[in-house]
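# Fold and geometry: a report
The chain contents come next:
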Amino acid sequence: MSVSNITVFRPSVLTLIGIPGLETVQCWIGIPFCVMYLIAMIGNSLLLIIIRSERSLHEPMYIFLGMLGVTDIVLGTSIVPKMLGIFWFHVPEIYFDSCLLQMGLIHTFQCIESGILLAMALDRYVAICYPLRHSAIFTHRLVTQIAAVVTLRAALLVAPSLVLIKCRFQFYHTTIISHCYCEHMAIVKLAAENVRVNKIYGLFVAFTVAGFDLIFITLSYIQVFITVFHLPQKEARLKAFNTCIAHICVFLQLYILAFFSFFTHRFGAHVPPYIHILFSSLYLLVPPFLNPLVYGAKTTQIRIHLVKMLYS
């Protein structure tokens, strides 16, 4: 450990303290987190099994749902086991390289999730605004290309942040991270050197991903609603609206929690640390937990096949 006037040279082990100010009740906080994680794993696994086993669901919308399920499983597994190790078994230590790996996985799959939500919004836009051309535009080849671009974009944007931390920083004020998982700014704040480049690059990545995706998602759904409200039949309007509402709920809760976490980390000096860390943890746990529930409840085809599978 280090004190305020001592620096540590390239520490091999860091310490995650969990949720500052709530250390005495962390064991109880771990219970709902664990329940959410288990539901997320079971729900997303069922979603993947249904989509893979039913040939009628091998369509762009369901393929994107499957990709979202894989992303949610990896994202949840990247943070919850270590988090529960801190809360329940008092194992706060983590190797520096393992911490960087966790940070890389978290931010990479956050970027991928945002990209998949954008792809789903564009799919709904084409399906509702240009229904006769949807199958010609959203071919399996295009879906594969979108998946590759989304993954490549995430890897190319996140990798430099890892390199900047690993190669630029040699001295650290402390080895104690006031967080329950390894997050970019939480690690950067430990450094005893100039962190301006890292902060600027972090802002660049956040606004490149969230800003770009959010703008195009919003524009897509504006066009969708304009088209839906001009449909002549009330039943067709309700069906189209019902299809989109699940997507809108998912992306709203994701981006609201994301922007809260992002801005409080950088500008929320007066926000208690435990509030910020609770919300940043929920930002990573709630989407994997809600996605299979929302899509399972709102998507008739998935609901039907789930009932069939449970009965069989």
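Residues numbered from 1 in each chain as written. Predicted model: local features only at pLDDT ≥ 70, side-chain atom pairs only at ≥ 80, totals over all residues. Heavy atoms only, no water.

This part covers the environment of proline 160. You can see proline 160 is positioned in helix H5 (residues 140-168). Separated by 38 residues in sequence, proline 160 and asparagine 198 have C-alpha atoms that sit 9.4 Å apart. (Helix = DSSP H or I, 4+ residues; strand = E, 2+ residues; numbered from the N terminus.)

Our focus in this paragraph is the state of the cysteines. Enumeration over the complete set of coordinates arrives at one disulfide. Through a disulfide, cysteine 99 is tied to cysteine 182; the S-S separation comes to 1.9 Å. With the S-S dihedral at roughly -115 degrees, the linkage between cysteine 99 and cysteine 182 falls on the left-handed side. One end of the pair, cysteine 99, is in helix H3 (residues 96-129); the other, cysteine 182, is in the loop between strand S5 (176-177) and helix H6 (184-188), with 83 residues separating them in the sequence. Of the two residues, cysteine 99 and cysteine 182, neither departs from the other in class, the shared state being buried. We note that cysteine 180 lacks a disulfide partner, and the nearest cysteine sulfur, in cysteine 182, lies 10 Å from it. (Disulfide = S-S within 2.5 Å. Buried < 20%, exposed > 50% of the residue type's maximum accessible area, 1.4 Å probe, protein only.)

Bringing the pairing of strand S2 (residues 13-16) into the picture now. In this structure, S2 lies alongside strand S3 (residues 93-95), joined through three bridges in antiparallel fashion. Looking across to S3, one finds that valine 13 is bridged to tyrosine 95. One ladder, built from two bridges, connects S2 with S5; its direction is parallel. Within the sheet, the bridge partner assigned to leucine 16 lies in S5 and is isoleucine 177. (Pairing = 2+ DSSP bridges.)

Before going further, it helps to examine unusual backbone geometry. The residue arginine 10 is not glycine, and still its phi comes out positive at about 40 degrees. Inspection of the secondary structure assignment puts arginine 10 in the loop between strand S1 (8-9) and S2. Within the chain, histidine 90 stands out as a residue other than glycine whose phi angle is a positive 55 degrees. What makes histidine 90 exposed here is its relative accessible area of 65%.

Enumeration over the complete set of coordinates arrives at three salt bridges. Between aspartate 97 and lysine 166 there is a salt bridge; the shortest N-O distance is 2.7 Å. Of this pair, aspartate 97 sits in helix H3 while lysine 166 sits in helix H5, and the two are 69 residues apart along the sequence. Salt-bridge contacts for arginine 153 lead to aspartate 213; the nearest nitrogen and oxygen are separated by 2.9 Å. Residue arginine 153 is found in helix H5, and its partner aspartate 213 is found in helix H7 (residues 196-229); the two are separated by 60 residues along the sequence. For arginine 153, a relative accessible area of 21% puts it in the partly exposed group. (Salt bridge = Lys/Arg side-chain N within 4 Å of Asp/Glu carboxyl O.)

Further remarks concern the UniProt feature "transmembrane region" (unreviewed entry) in the protein. As annotated by UniProt and renumbered to match this structure, "transmembrane region" (unreviewed entry) occupies residues 28-50, 62-80, 100-122, 142-165, 200-228, 240-262 and 274-295. Helix makes up 100% of residues 100-122 and strand 0%, with an end-to-end C-alpha separation of 33 Å. A distance of 31 Å separates the end C-alpha atoms of residues 274-295, which is 100% helix and 0% strand. (UniProt positions renumbered as here; feature names shortened; annotations may be inferred.)

Before going further, it helps to examine the packing of helix H1 (residues 26-53) against helix H2 (residues 60-89). Two elements in contact, H1 and H2, have axes whose closest approach is 9 Å; the angle formed by their N-to-C orientations is 155 degrees. With respect to H2, the axis of H1 lies roughly antiparallel. Pair H1 / H2 crosses with left-handed handedness. (Axes fitted to C-alpha atoms, helices over the stretch in contact; angles between N-to-C directions. Parallel < 35°, antiparallel > 145°, perpendicular 65-115°, else oblique. Left-handed = near helix turned anticlockwise from the far one by under 90°.)

So, on to the sheet that holds S5. The strand order S3-S2-S5 describes an open sheet built from three strands, whose pairing is mixed. Strands with a single pairing partner mark the edges of an open sheet, and in this sheet they are S3 and S5. Sitting on the sheet, H3 is in contact with S2, S3 and S5, with an inclination near 85 degrees to S3. (Contact = heavy atoms within 4.5 Å.)

Here we take up a nonpolar patch on the surface. A surface patch of nonpolar side chains, amounting to about 830 Å² of accessible area, comprises Val25, Trp28, Ile31, Val35, Ile39, Trp88, Phe89, Val91 and Leu293. For the nonpolar patch, the secondary structure elements donating two or more residues are H1 and H2. Considering each element in turn, the nonpolar patch owes the most residues, four residues, to H1. Looking at the element boundaries, tryptophan 28 is found in helix H1. (Patch = residues over 30% accessible without salt bridge, like charges linked within 9 Å, V, L, I, M, F, W, Y side chains within 5 Å. Areas by Shrake-Rupley, 256 points an atom, 1.4 Å probe, with all protein chains shown as cover.)

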